[in-house]
Amino acid sequence: MGKADLHIHTTYSMDGTASVREALESAVRAGLDVIAITDHDEVRGALEARAISNEYGIHVIPGAEVSTSEGHLIVLFIDRKIPAGMSLIDTLICVREMGGTAIVAHPDQPSPTSISMQSIRKALEHPQAREVLHGIEICNMNPTHSPFNGRSQKAADKLPLAHIASSDAHIASMIGAGVTGFEGSTSRELRQAIQRRSTQPQQINHEHPMRIFFRWLRLFIGRKMSEVFRRQATAQREPSRP
Ligand SMILES: [Zn+2]
Ligand SMILES: [Zn+2]
């Protein structure tokens, strides 16, 4: 059975801390066959990872975590950016035009970034939107979402969608904390498994969410400080002209 983590952030996300190479190295260490790089409203990290994925012997699906006006949607198999802020249905129509497939991220949770059951049901009634809405996260290991995984599981049990477990990693060491098992080992086989709804979600990491949060905070502050130092060093090398 193949193993995939379909929700990973890099430094192309404002709140990500892993470089593309760090993410790939960590995915290999976690024994994953397929990963999706899904930065917030951005595909550059995913395309960069796919371009060098052969060096790591891992399949990379280009994607993004799109901020719809109704919450976050994981979009896979796209190589262009999808505009943020559209309704869920309009975003799904756009995904369809690009040949992608979509997974509802951390659904039905008490957060403005979480898509409600009502919105999901409405999208599943729409003839075009439902053609590409194939999956739903029942396990998201990000510390802001994992305490509410029970609610997501309950919502997913009522819907005809493939069940997905993801790390939603914003630090390299979390990659593989949630894994989606599937028949095969390639991204094409994974896509088929999602469409057939035969995926097997698995929570791998059982660390307390606060421990994960503080690990992320330390790395995030480190990233921001090094950006400030880099900007200062550049400004000193290039003094402003009179
Ligand atoms: Zn999200
Ligand atoms: Zn995310």
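Structure: see above.
Chemist: When you look at the overall build of the protein chain in this model, what are you seeing that I'm missing?
Modeler: Scanning the protein chain for helices and strands turns up seven helices and nine strands. Whereas a compact globule of 242 residues would reach a radius of gyration of roughly 18 Å, the protein chain reaches 18 Å, a difference of no more than 12%. Expressed along its principal axes, the backbone C-alpha trace of the protein chain runs to roughly 60 × 40 × 35 Å. Out of the 242 residues belonging to the protein chain, those deemed buried represent 49%. Taking all contacts inside the protein chain whose residues are at least 6 apart in sequence as the whole, residues at least 24 apart take part in 67%.

Chemist: I would appreciate a short explanation of the environment of Ser 26 in the present structure.
Modeler: Following the sequence through the fold, Ser 26 ends up in helix α1 (residues 20-29). Along the chain, Ser 26 and Leu 76 lie 50 residues apart, while their C-alpha atoms are 20 Å from each other. Aside from chain neighbours lying at most four places away, what touches Ser 26 is Ala 18, Ala 172, Ser 173 and Ile 175.

Chemist: Is there a simple way to think about the sheet that holds strand β9 (residues 200-203) in this case?
Modeler: Strand pairs in the sheet, formed through backbone hydrogen bonds, run parallel or antiparallel to each other. With mixed pairing, the nine strands of this open sheet are ordered in space as β7-β6-β5-β4-β3-β2-β1-β8-β9. The open sheet has two free edges, formed respectively by β7 (162-166) and β9, since each of these has just one partner strand. For this sheet, the mean angle separating the axes of adjacent strands, direction not counted, is 30°.

Chemist: Which parts of the structure should I look at to understand the packing of α1 against helix α2 (residues 44-52)?
Modeler: Each pair of packed helices gets described by two things: the angle between the helix axes and the distance between those axes. Contact geometry of α1 with α2 gives a least axis separation of 10 Å together with a crossing angle of 60°. Our classification of the angle between α1 and α2 gives oblique. The two elements α1 and α2 cross, and the hand of that crossing is right-handed. Taking contact as the criterion, the partners of Val 20, Ala 23 and Leu 24 in α1 are, on α2, Gly 45, Glu 48 and Ala 49. Here the residues of the contact of α1 with α2 are counted per class, giving four nonpolar, one polar and one charged.

Chemist: Quick question: what am I supposed to make of the environment of Ile 74 here?
Modeler: Residue position: Ile 74 is located in strand β4 (residues 71-76). Each C-alpha atom, one on Ile 74 and one on Arg 237, is 41 Å from the other, the two residues being 163 residues apart in sequence.

Chemist: Even after reading the chapter, I still don't get unusual backbone geometry, so can you show me in this structure?
Modeler: Note on backbone geometry: most residues besides glycine have negative phi, and most peptide bonds are trans. At Phe 77, a residue that is not glycine, the phi angle is positive and equals roughly 65°. Among the structural elements, Phe 77 can be located in the loop between β4 and α3 (88-98). One non-glycine residue, Arg 197, lies in the positive phi region at around 60°. In this fold, Arg 197 is placed in the loop between α6 (187-196) and β9.

Chemist: Can you walk me through the nonpolar core in this structure?
Modeler: Nonpolar side chains in soluble globular proteins tend to end up buried together. Grouped together as the largest cluster of nonpolar side chains are 64 residues, with contacts concentrated most on Ala 23, Ile 35, Leu 73, Val 75 and Ala 102. When neighbours within four sequence positions are excluded, Val 75 is seen to be in contact with Gly 63, Ala 64, Val 66, Ile 82, Val 95, Gly 100 and Ala 102.

Chemist: I'm lost on the pairing of strand β3 (residues 59-68) in this one. Help?
Modeler: Remark: a regular strand shows side chains that alternate across the two faces of the sheet. Most of β3 sits inside the fold, with nine of its 10 residues counted as buried. As a crossover connection, the stretch from strand β2 (residues 34-37) through α2 into β3 is right-handed. The sheet contact formed by β3 and β4 spans six bridges and is antiparallel. By the bridge assignment, Ala 64 is partnered in β4 with Val 75.

Rules used throughout
Residues numbered from 1 in each chain as written. Chains lettered and ligands numbered in written order. Predicted model: local features only at pLDDT ≥ 70, side-chain atom pairs only at ≥ 80, totals over all residues. Helix = DSSP H or I, 4+ residues; strand = E, 2+ residues; numbered from the N terminus. Rg over C-alpha atoms; globule rule 2.2 N^0.38 Å. Buried ≥ 20, exposed ≤ 12 C-beta atoms within 10 Å, placed from the backbone. Contact = placed C-beta atoms within 7 Å. Pairing = 2+ DSSP bridges. Axes fitted to C-alpha atoms, helices over the stretch in contact; angles between N-to-C directions. Parallel < 35°, antiparallel > 145°, perpendicular 65-115°, else oblique. Left-handed = near helix turned anticlockwise from the far one by under 90°. Nonpolar A, V, L, I, M, F, W, Y, C, P; charged D, E, K, R; others polar. Core = buried A, V, L, I, M, F, W, Y, C linked by C-beta atoms within 7 Å. Right-handed = clockwise from strand over helix to strand, strands pointing away.

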